[in-house]
Amino acid sequence: MSHDGVRLRAVMRSVVFLTAGALAVPTLASCGSDDESGKPLAAQDIAPAGRDLVADGGTLRWAVDDVPETLNTFQSDADDATTRVAQAVLPAMFRLDAQGRPQRDADYLESAKVVDTEPKQVVLYKLDQQAVWSDGREIGAADFAAQWRALSGKDSAYWTARNAGYDRIEKIERGANNLEVKVTFSRPYADWKALFSPLYPKDVMGTPDAFNDGARRKLKVTAGAFSVQKVDRKDKEIVLGRNPHWWGRPAKLSQIVLAAVPLDKRAAALADGSVDLAEIDPADASRIALAGRAKGTSTPLQGATPTGKDENKNESGQKKKLSKKERKALAKFLRQQDALRAFTVRRSLEPAYTQLALNGSEGPLADERVRRAVARALDRTELAKVVLKPLGLPAVPVGSHLALSGQAAYADNSGALGGQDTTEAQALLADAGWVPGGPVKDKGEKAAGSEGKKSKKTDDESEGGSDGQYIVGEDNKDPQDHTKKHGHGDESSKHLADGKQYDGRKVKQGGAPGAYAPKGTAAPADAKTGLLAKDGKPLALRFVLPSGTGSESLGAVADSISRMLEKVGIRTEITKVSDDSYFKDHIASGQYDLALYSWPASAFPATDARPIFAKPVPAADGSLNVEQNYTRVGTDQVDQLFDQAASTLDEDESAALVRKADARIWAAAGSIPLYQRPQLTAARRSLANAGSFGFQTPLYEDMGFLKKGAAPSASPTKD
């Protein structure tokens, strides 16, 4: 999942413990199974237009975070830009539709289905007879077999990031003719549609050297609507051009240029014409909306200044004379605002959700009752509103750890844990032995959080007073209000957590264990506050957040969470750390009690979500192998349900097993899904079939600029 997202299949590539009888969610009691998955909370926003309305030719300049280190999506340093290139230039047997469900890609497949289940599962792929690589060779069984061998995990010479599914294949062979590929599995595999998407040519997958190095900086052979023309690391861009051997609908654009532009530079890049399409943060979205409203006026609207203030008045409201530097900055800003009138903001929800992670490995949160109390103290709808309401997006809390509304496996299982209930939260804490009263320890004294005491400021923490650390609940003052200082930051930026570089890492646990006392231990006699204590130590949780660009909304959400927890007697110590340190030194190593980060949703949760929720297991060297389960909370039952779901070929039954796993994950309260992340994309007004795609895989061949006088339609059409 950025601290809040990378595509899940690029990470590997994103949640309820009661008895089985308690797993029926009351809010869904009146719905049949067909209704549980619902529909996406927000439609994609791409200015759809029929191909006949889109001009032939033109270059689309599309902002990315950076030029990718590799063009091989199966390597550990693959990123979103790697995925974007692969989608445009490589075959995929299945692509995702607007509801996040896999659909056969008719440009490559005539059909794909399970043709045998006994004695082994066999899938037969029938390829389109026109499907060829850019060197003229037919796509066939040799390419499938090479990819299987590379990703099976049997040859350690291949530096692969993941092999899920490929390790279940027993053999691949040619079918009745060159257009048929027969795949036999050694064990049943429900998520077989996840395989061979993308499919690389055997030239890339055939040998370890070719796999490890051959596709990092170039892709000579492709088979999509576009091909890779140039990877320019000096100018920080990748140029994709029309593939002359493409047999499908011809690409409307002549070129797509993926240009590396940092998030905080994108408004300027849009204004100067460097890019036509870019994901942006809420601040830039507001600028563009303001520019659009100012169209036709000779003066800027109120707030349309570099600082958002009236630059012609001082703090007392009197007119002041601007300095030369201020006049220059204002003139530049107004020129940019004028240029930004050519753009619009296309809004949807990203297929990823932000969660509150609770480190259950030690300290107070090792007790399930305390974790459940934290969850019951939260008003998730109010937390969703903090981020989504100002953006005009539906502020609906996420009801599943394993799917999002509209996907086949989605059901709101939050009822297995229960909604916001202050009384119930307090009862759970009391049952765990945390009682009202007890002085809040001085900052240097030992407390009951995972660190044992407030750590000294390290080099990775933000400088500048409360931007580094502040404590909620230590007195009657509210913590610094980040919504006032920063507004709502970028929930679609890099601050939206992936942690893919830590996939499968064995991490050592840090911090001192928390203090515990027998149930009913009396509070200290000199209790002066409403906060909770046990054995003379206050209930204080270390809340770790990233501090860089795009983290403002996470800070606003954290502040709201802290105030909610204070109401039930839990103190939080908020510490902001640098982006580089956030995952490596805190989340992956277990140096936190509470944290905010995101996971992307997958169309194949039985496979992709398992490492995120798998029960950690001790390693021989004394470390804990957590895979991607950074909360360290897991159970054998959840693991078994994932295994059953991945081995069940009946799609409805597999989805039901995923839902059961999700209900049990909710009850364990290791992580609390909060809201689906916003997706804000600035697009040139004349650009069609591009923007905020939501779940759906983009159709690169349909993107383009509208013909003169044409306007987008309500829904796209094809010709």
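As a reminder, the structure under discussion sits directly above these lines.
Numbering of residues starts from 1 in every chain and runs along the sequence as written. Only residues with pLDDT of 70 or above have their local features reported here, since the model is predicted, and side-chain atom pairs are shown and tallied only from 80 upward, although totals for entire chains, interfaces and linings are computed over all residues. The basis for every side-chain value is the complete set of non-hydrogen atoms in the structure, without hydrogens or water.

Looking at this structure, how should I read the overall build of the chain?
Every helix listed is a DSSP run of H or I at least four residues long, and every strand listed is a run of E at least two residues long, numbered separately from the N terminus. Looking only at helices and strands, one finds 18 helices and 27 strands in the chain. Classification of residues uses two cut-offs on accessible area relative to the type maximum, computed with a 1.4 Å probe and protein chains only: under 20% is buried, over 50% is exposed, and between them is partly exposed. Split into buried and exposed, the 719 residues of the chain put 57% on the buried side. Counting every atom, the chain has about 29000 Å² of accessible surface; 48% of that belongs to carbon and sulfur. Accessible surface area values rest on a Shrake-Rupley calculation with a 1.4 Å probe, where residue burial reflects the displayed protein chains alone.

What exactly am I supposed to notice about the packing of helix H7 (residues 282-293) against helix H8 (residues 324-339) here?
Angle between the axes and distance between the axes are the two parameters that describe a pair of packed helices. Under this scheme, a helix contributes an axis fitted over its contacting stretch, all axes are lines through C-alpha atoms, and angles between N-to-C directions fall in the 0 to 180 degree range. In the contact formed by H7 and H8, the axes pass within 8 Å of each other and the chain directions differ by 75 degrees. By the criterion of interaxial angle, the relationship of H7 to H8 is roughly perpendicular. Together, Arg287, Leu290 and Ala291 of H7 and Phe333, Gln336 and Gln337 of H8 make up the contact between the two elements. Here the nonpolar group is Ala, Val, Leu, Ile, Met, Phe, Trp, Tyr, Cys and Pro; Asp, Glu, Lys and Arg are the charged ones; every other residue, Gly included, is treated as polar. Looking at the contact of H7 with H8, its residues break down into three nonpolar, two polar and one charged. When an angle is under 35 degrees it counts as roughly parallel; over 145 it counts as roughly antiparallel; between 65 and 115 it counts as roughly perpendicular; any other value is oblique. Throughout, a residue-residue contact means that at least one pair of heavy atoms, one from each residue, lies within 4.5 Å.

Which parts of the structure should I look at to understand unusual backbone geometry?
For residues other than glycine, phi is negative in most cases, and the peptide bonds are mostly trans. Here the residue pair Glu118 and Pro119 is connected by a cis peptide bond, since its omega of 0 degrees sits within 30 degrees of zero. Residue position: Pro119 is located in the loop between strand E5 (109-116) and strand E6 (122-127). With an omega of 5 degrees, the peptide bond between Ser197 and Pro198 qualifies as cis. Phi is positive for Ala47, which is not a glycine, with a value near 50 degrees. With respect to the element layout, Ala47 can be found in the loop between helix H1 (8-11) and strand E2 (59-64). Taking relative accessible area as the criterion, Ala47 reaches 12% and is therefore assigned buried. The backbone of Arg632 shows a phi angle near 65 degrees, a positive value even though the residue is not glycine. Mapping Arg632 onto the fold places it in the loop between strand E24 (624-625) and helix H17 (636-646). Judged by relative accessible area, Arg632 falls into the buried class, the value being 7%.

What should I look at first to understand the pattern of salt bridges in this one?
A side chain with one charge can pair with a side chain of the opposite charge if their charged atoms come near. Within this document, salt bridges are pairs made up of a side-chain nitrogen of Lys or Arg and a carboxyl oxygen of Asp or Glu, the two lying within 4 Å of each other. On inspection of all chains with the given rule, the structure shows 25 salt bridges. Measuring nitrogen to oxygen at the nearest pair gives 2.5 Å for the salt bridge that ties Arg216 to Asp77. Taken together, the residues span a long stretch of sequence, with Arg216 in the loop between helix H5 (208-214) and strand E9 (226-232) and Asp77 in the loop between E2 and helix H2 (80-89) at a distance of 139 residues. Taking relative accessible area as the criterion, Asp77 reaches 28% and is therefore assigned partly exposed. For Asp203, the salt bridge is made with Arg137, and the minimal N-O distance between the two is 3.7 Å. Of this pair, Asp203 sits in helix H4 (residues 202-205) while Arg137 sits in the loop between E6 and helix H3 (141-151), and the two are 66 residues apart along the sequence. For Arg137, a relative accessible area of 23% gives the class partly exposed. Three or more residues are tied together by salt bridges with common partners; here these are Arg51, Arg249, Glu701 and Asp702.

What is the right way to look at the sheet that holds strand E8 (residues 180-185) in this model?
Neighbouring strands of a sheet are bound in pairs by backbone hydrogen bonds; such pairs are parallel or else antiparallel. Should DSSP find at least two bridges between two strands, the strands are regarded as paired. Strand order in this open sheet of four strands is E5-E6-E8-E7, and the pairing throughout is antiparallel. Every interior strand has two partners, whereas the edge strands, E5 and strand E7 (169-174), have only one. The sheet shows a mean angle of 15 degrees between the axes of neighbouring strands, taken without regard to direction. Here six bridges tie E5 to E6, and the two strands are oriented antiparallel to one another. Of the residues in E6, the one forming a bridge with Val114 is Val123. This element, H3, spans E6, E7 and E8 of the sheet and lies at about 160 degrees to E7.

Is there a simple way to think about helix H18 (residues 651-668) in this case?
For an α-helix, the turn length of 3.6 residues means that residues three or four places apart are oriented alike. For a helix, the expected span equals 1.5 Å multiplied by the residue count minus one. The end-to-end C-alpha distance of H18 is 26 Å, a good match for the 26 Å that 18 residues give at a rise of 1.5 Å each. Most of H18 is tucked away, with 13 of its 18 residues classed as buried. Pairing of N or O atoms within 3.5 Å defines a polar contact, subject to two protein rules: one partner must be a possible hydrogen donor and the other a possible acceptor, and residues neighboring in sequence count only if both atoms are side-chain atoms. The distance from a side-chain oxygen at the start of H18 to the backbone nitrogen of Asp652 is 3.0 Å, and the residue carrying that oxygen is Asp650. Among the residues trailing H18, Ala669 stands out with phi positive, at a value near 55 degrees.

Please clarify how empty space enclosed by the protein should be interpreted in this entry.
By rolling a water-sized probe across the atoms, one finds the places where empty space is left. In this analysis a 1.4 Å probe is tested at points of a 1 Å grid over the protein atoms alone, and where it fits but cannot get out there is a cavity; an open set with protein on both sides within 12 Å along at least five of seven lines is a pocket; lining residues have an atom within 4 Å of a point. Grid points are joined across faces, edges and corners, and a volume is the space filled by probe spheres set on the points. Of the volumes computed, that of the largest cavity is approximately 120 Å³. Surrounding the largest cavity, 19 residues form its lining, Phe613, Thr631, Val633, Ile665 and Ser671 being those nearest its centre. Put simply, the parts of the chain that give the lining of the largest cavity at least two residues each are strand E22 (594-600), helix H16 (610-613) and H18. The residue makeup of the lining of the largest cavity, split by class, is 10 nonpolar, eight polar and one charged.

Would you mind going over the pairing of strand E25 (residues 671-684) with me for this structure?
In summary, the side chains of a regular strand alternate between the two faces of the sheet. With 13 of 14 residues buried, E25 is to be regarded as a mostly interior element. Both strand E12 (residues 277-279) and E25 contribute to a ladder of three bridges, which runs antiparallel. The residue bridging Leu277 from the neighbouring strand is Ala683, located in E25. The pairing of strand E13 (residues 343-358) with E25 spans 12 bridges and is classified as antiparallel. Along E25, the bridge assignment pairs Leu349 with Pro678.

In this structure, what is going on with the nonpolar core? I would like to understand it.
Within soluble globular proteins, side chains that are nonpolar generally end up buried alongside one another. Note on terminology: a nonpolar core comprises buried Ala, Val, Leu, Ile, Met, Phe, Trp, Tyr and Cys residues joined through side-chain atoms within 4.5 Å. Among the nonpolar cores identified, the biggest contains 72 residues, and Met93, Tyr125, Phe196, Phe226 and Leu240 are the most heavily contacted of them. Among the elements that make up this core, the one with the highest residue count is H3 (seven residues).

Would you explain the packing of aromatic side chains in this entry?
Where two aromatic rings form a pair, the distance of their centres and the angle of their planes describe that pair. Ring pairs are drawn from Phe, Tyr and Trp, using the six-membered ring of Trp, whenever the two centres fall within 6.5 Å, and their geometry is named by plane angle: stacked under 30 degrees, edge-to-face over 60, tilted for the rest. If you walk through the whole model with that rule in mind, you get 21 aromatic pairs. An angle of 55 degrees between the planes, with centres 6.0 Å apart, marks the rings of Tyr108 and Trp246 as tilted. With Tyr108 in the loop between strand E4 (102-104) and E5 and Trp246 in the loop between strand E10 (237-242) and strand E11 (255-260), this pair connects stretches of sequence that are 138 residues apart. Per residue, the accessibility class of Tyr108 equals that of Trp246, and both read buried. One aromatic cluster is present, built from ring pairs that chain together Phe74, Phe94, Tyr125, Phe144, Tyr166, Trp192, Phe196 and Tyr200.

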